Amino acid sequence: GAGVSQSPSNKVTEKGKDVELRCDPISGHTALYWYRQSLGQGLEFLIYFQGNSAPDKSGLPSDRFSAERTGGSVSTLTIQRTQQEDSAVYLCASSGVPPDTQYFGPGTRLTVL
Amino acid sequence: KNEVEQSPQNLTAQEGEFITINCSYSVGISALHWLQQHPGGGIVSLFMLSSGKKKHGRLIATINIQEKHSSLHITASHPRDSAVYICAVIPGTSYGKLTFGQGTILTVHP
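Bear in mind the structure is a predicted one, so any value in this text is a computation, not a measurement. (Residues numbered from 1 in each chain as written. Chains lettered and ligands numbered in written order. Predicted model: local features only at pLDDT ≥ 70, side-chain atom pairs only at ≥ 80, totals over all residues. Heavy atoms only, no water.)

Draft legend 1. Local environment of the overall build of chain B. For chain B, the helix and strand inventory stands at zero helices and eleven strands. Listing each helix as α and each strand as β along chain B from the N terminus yields β-β-β-β-β-β-β-β-β-β-β. The dimensions of chain B, computed from C-alpha atoms along their principal axes, are 45 × 25 × 25 Å. Each of the 110 residues in chain B was classed as buried or not, and the buried ones make up 48%. (Helix = DSSP H or I, 4+ residues; strand = E, 2+ residues; numbered from the N terminus. Buried < 20%, exposed > 50% of the residue type's maximum accessible area, 1.4 Å probe, protein only.)

Draft legend 2. Region of the structure containing the interface of chain B and chain A. If you look at the interface, chain B gives 16 residues, while chain A gives 16 residues. Buried area between chain B and chain A, both sides added, is near 1300 Å², and the carbon and sulfur share of it is 65%. Ranking the residues of chain B by area buried against chain A places I43, K97 and F100 of chain B at the top, with a combined share of 41%. Remark: the boundary between chain B and chain A carries one salt bridge. With its nearest N and O atoms 3.1 Å apart, the salt bridge here joins K97 of chain B to D56 of chain A. Between chain B and chain A we count four residue pairs in polar contact (both at pLDDT 80 or more) in total. It is strand β4 (residues 29–37) of chain B that provides the largest number of residues to the side of chain B that touches chain A, a total of five residues. Broken down by class, the residue content of the side of chain B that touches chain A amounts to nine nonpolar, six polar and one charged. (Contact = heavy atoms within 4.5 Å. Buried area = accessible area lost by both parts, 1.4 Å probe. Salt bridge = Lys/Arg side-chain N within 4 Å of Asp/Glu carboxyl O. Polar contact = N/O pair within 3.5 Å; in protein donor to acceptor, adjacent residues only side chain to side chain. Nonpolar A, V, L, I, M, F, W, Y, C, P; charged D, E, K, R; others polar.)

Draft legend 3. Region of interest: the pattern of salt bridges. Using the criterion set out here, one finds five salt bridges over all chains in the structure. When the shortest N-O distance is used, the salt bridge between R36 of chain A and E44 of chain A registers 2.8 Å. Assessed through its relative accessible area of 10%, R36 of chain A is described here as buried. Between D81 of chain B and R58 of chain B there is a salt bridge; the shortest N-O distance is 2.8 Å. Taken together, the residues D81 of chain B in the loop between β8 (69–74) and β9 (83–91) and R58 of chain B in the loop between β6 (52–56) and β7 (59–64) connect sequence positions 23 residues apart. D81 of chain B sits in the buried class, given a relative accessible area of 7%. The class of R58 of chain B is partly exposed, set by a relative accessible area of 26%.

The following block contains the structure:
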């Protein structure tokens, strides 16, 4: 595909369950970013992958959050033991070597009941 | 105080008006993005700039690195320009991750 894709587009889960969110970046992009957009907090950085370097995890809000990027392409964001405050839109973006224009995916809307 | 401040937070205009949205930041940066988000829509990068001025159609973005300030201008505004405009900076040592302003909600009436 031409753009960044994310799946699922919507996810409703119960408090305490684990969820996995997927991001397919633009082919050839070396950098991949996860952000979160919530009503009370606006947009915030979560984690950043660049090539084979160790990821920058400085934005992850708790140890319940983790992410991996396999083969330098697809990334999965995992939230364990979800809480209601995790409800948000989770956005993935990719770019060439930073700093570069970032292309955003459509997001995954997560609702924790 | 947020590292990135936008003004105004809300802006209402009549079709055809010239619009300016301002962004001030407090950290050294390697680049600044202007992003657009339509209601219920995804985020699109309008500009990435690290100096000077860029123009695309009716949109113009400027940045003054010394003053830590950027502006987004929309000429001949149109109702389809109604969206949230977000300023985001790449702090100098972060190599890419964005720090966001709170956004400016623009409504253009016909």
